Amino acid sequence: MNPTPSNLTQGLTRLPAYVYDLDGLSEHAASIKSALRPELFYAAKANPDAAILRALAPHVDGIEVSSGGELTHVRETLPGARLAFGGPGKTDEELALALDLGVERIHVESPSELARLAQMERPATVLLRANLPLRTAGAALQMSGPFGMDEEALNTCAHTIAGTPHLTLRGVHAHLASGLNAPAMLDLARHIIDWALPWLEAHGVEDPEINLGGGMAVDYRSPESRFDWESYTSGLPDRPAKLRIEPGRALTAYHGWYVTDVLDVKTTHGETYVVLRGGTHHLRTPVTKGHDQPFTVLTAERGEERPATLVGQLCTPKDVFARDVPVPPLRPGDLIAFGMAGAYAWNISHHDFLMHPKPEFHYLDRSGHVAMDDDRPV
């Protein structure tokens, strides 16, 4: 869907507002699923909005959650969904909740976490998260440090599971990097599989599972670009293992907008600043990733475009959506829609800084109508 004043602002009662294109999201997810050989789990951390989850549910094999809060929310929203529970620092209460709510796979991060799970003396099926010494050039994030285990710790866990009848080792989880294009992601997957299969065989795991994680690249400088799912899946080695991936951003980023209006335009020391209602306390993505958030000016007089910096209402010079970008002549009341706001946007933002009003949330149907829905985690 191309953003226009009519389809992004119809039904809005106040600004700022998030607008999600659920039909576009469903079509995007369906196309990804049709291209894949691995199982597709959606990483709820990217955007746990209930309407987003319901739109994705027919097109994914399951949902990956990373906290007790996400677990409870996703189970309530999608009662029959297959769930995998990952993330470092799981509490005893969260592990017990995962068992109570029928989580299919628990991604164990450390020997001590496994020991606490074993002490519960309840059946659980486990993937061990591996922190392998592999580095990939061009990655936005290397998921090293506290995430997962080296081979010594993995061996310790495998021996513990072998002596614990109520625990079952099914495979490994290896999300090692984020922000990779298809060739780089494929190369990383091959290294993971080449390491994982002999390691799992050595520990007697039959019908092994290998979770390759997520991290498929999303290019905010080129919103029309997409990860090449077909070349990625066709290049995966045909080896005796069940493969699973857990993308988040690459599923939902393209189908959300943050719509707001101009409050002020001013020039300081020769630089033009456009002050917008809201700010990066609502849409933190450009600050965390250090980019200019893509945007469309929905209303403005025609005229020569000149560079300006788009900022929010916060009392910090870091409250910047886009810096020195060309814009037409803008006045208070003009509307701007920031695209690619469907992932790691509202849900990772510092909502209560300065206690500004929170945005509304709206959803587009096939007719382009915007309907409001408050059924979402706050």
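Residues numbered from 1 in each chain as written. Predicted model: local features only at pLDDT ≥ 70, side-chain atom pairs only at ≥ 80, totals over all residues. Heavy atoms only, no water.

Another aspect to go through is the overall build of the protein chain. Along its length, the protein chain carries 11 helices and 19 strands. At 22 Å, the protein chain has a C-alpha radius of gyration in line with the 21 Å of a compact globule built from 378 residues. Principal-axis analysis of the C-alpha atoms gives the protein chain an extent of 70 × 40 × 40 Å. The buried share of the protein chain, reckoned over its 378 residues, is 55%. Looking at the protein chain alone, contacts between residues at least 24 apart form 71% of all its contacts between residues at least 6 apart. Looking at the protein chain as shown, the accessible area adds up to about 16200 Å², and 51% of this sits on carbon and sulfur atoms. Looking at charge distribution, the protein chain has the averaged site of its 33 positive side-chain charges lying 2 Å from that of its 48 negative ones. (Helix = DSSP H or I, 4+ residues; strand = E, 2+ residues; numbered from the N terminus. Rg over C-alpha atoms; globule rule 2.2 N^0.38 Å. Buried < 20%, exposed > 50% of the residue type's maximum accessible area, 1.4 Å probe, protein only. Contact = heavy atoms within 4.5 Å. Areas by Shrake-Rupley, 256 points an atom, 1.4 Å probe, with all protein chains shown as cover. Lys, Arg positive; Asp, Glu negative; His and termini not counted. Charge placed at Lys NZ, Arg CZ, Asp CG, Glu CD.)

Before going further, it helps to examine the sheet that holds strand β8 (residues 167–173). On the basis of which strands lie adjacent, the closed barrel formed by eight strands has the order β2-β3-β4-β5-β6-β8-β10-β11 and parallel pairing. The average angle at which neighbouring strand axes cross in this sheet is 30°, direction not considered. Pairing between strand β4 (residues 83–85) and strand β5 (residues 105–108): two bridges, direction parallel. Across the sheet, Phe 85 pairs through a bridge with Ile 106, a residue of β5. Sheet strands in contact with helix α4 (residues 68–77) are β3 (62–65) and β4, and its direction is about 155° off that of β3. (Pairing = 2+ DSSP bridges. Axes fitted to C-alpha atoms, helices over the stretch in contact; angles between N-to-C directions.)

This brings us to the pattern of salt bridges. Tallying each qualifying case throughout the model produces 20 salt bridges. We note a salt bridge from Glu 39 to Arg 244, for which the minimum N-O separation is 2.8 Å. In this pair, Glu 39 sits in strand β2 (residues 39–43) while Arg 244 sits in strand β11 (residues 242–245), placing the two residues 205 residues apart along the sequence. The same class applies to Glu 39 as to Arg 244, namely buried. The partner of Arg 331 in a salt bridge is Glu 301, and the shortest N-O contact between them spans 2.9 Å. With Arg 331 in the loop between β16 (320–327) and β17 (335–338) and Glu 301 in the loop between β14 (295–297) and β15 (306–311), this pair connects stretches of sequence that are 30 residues apart. Among the ionic contacts, a cluster of salt bridges with common partners joins Glu 39, Arg 82, Glu 104, Arg 105, Arg 170, Asp 207, Glu 209 and Arg 244. (Salt bridge = Lys/Arg side-chain N within 4 Å of Asp/Glu carboxyl O.)

With respect to the element layout, Gln 293 can be found in the loop between α11 (285–289) and β14. Each C-alpha atom, one on Gln 293 and one on Asp 334, is 18 Å from the other, the two residues being 41 residues apart in sequence. Discounting chain neighbours no more than four positions away, the residues touching Gln 293 are Tyr 220, Leu 283, Thr 285, Pro 286, Phe 321, Ala 322, Phe 338, Gly 339, Met 340 and Ala 341. Here His 291 takes part through its side chain, which lies 2.8 Å from a polar atom of the side chain of Gln 293. Of note is the side chain of Gln 293, whose polar atom sits 3.2 Å from the backbone oxygen of Met 340. (Polar contact = N/O pair within 3.5 Å; in protein donor to acceptor, adjacent residues only side chain to side chain.)

On to helix α5 (residues 92–100), then. Within the sequence span of α5, burial applies to Glu 94, Leu 95, Ala 98 and Leu 99. For α5, the arc enclosing every buried residue in end-on projection is 140°, short of the 170-degree limit, so these residues lie on one face. Opposite the buried face of α5, by more than 90 degrees, sit the exposed residues Glu 93 and Asp 100. The inward-facing, buried residues of α5 abut α4, β4, β5, α6 (111–119) and β6 (124–129). Backbone geometry just after α5 places Gly 102 at a positive phi near 70°. (Arc of directions from axis to C-beta.)

One pass over the full model with this rule turns up 12 aromatic pairs. When the centroid spacing of 5.7 Å and the interplanar angle of 65° are considered together, the rings of Phe 227 and Tyr 232 count as edge-to-face. For the pair Phe 227 and Tyr 232, one class covers both residues: buried. Members of the aromatic cluster, each reached through a chain of ring pairs, are Tyr 18, Tyr 20, Tyr 258, Phe 295, Phe 321, Phe 338, Trp 346, Phe 361 and Tyr 363. We note Arg 226 situated over the ring of Tyr 254; from NZ or CZ to the ring centre the distance is 3.6 Å. (Phe/Tyr/Trp six-rings, centres within 6.5 Å; stacked < 30°, edge-to-face > 60°. Lys NZ or Arg CZ within 6 Å of the ring centre and 35° of its normal.)

A few words on the environment of Ile 210. Here Ile 210 shows up in strand β10 (residues 209–211). When its relative accessible area of 1% is taken as the criterion, Ile 210 is described as buried. Along the backbone, Ile 210 and Ala 189 are 21 residues apart, and their C-alpha atoms lie at a distance of 9.7 Å. Sequence-distant contacts of Ile 210, defined by excluding residues within four places in its chain, comprise Val 172, Ile 192, Ile 193, Ala 196, Leu 197, Leu 200, Ala 241, Lys 242, Leu 243 and Arg 244.

Where burial is concerned, most of strand β18 (residues 360–364) is hidden: five out of the five residues are buried. A two-sided burial pattern is seen for β18, the buried positions comprising Glu 360, His 362 and Leu 364 on one face and Phe 361 and Tyr 363 on the other. Pairing between strand β1 (residues 17–21) and β18: five bridges, direction parallel. What sits directly across from Val 19, in β18, is His 362.

A few words now on the environment of Leu 335. Secondary-structure assignment places Leu 335 in strand β17. Assessed through its relative accessible area of 15%, Leu 335 is described here as buried. Sequence separation of Leu 335 and His 203 is 132 residues, and the distance between their C-alpha atoms is 59 Å. Those residues in contact with Leu 335, other than ones at most four positions away along the chain, are Thr 9, Leu 15, Thr 260, Asp 261, Thr 296, Val 297, Leu 298 and Thr 299.

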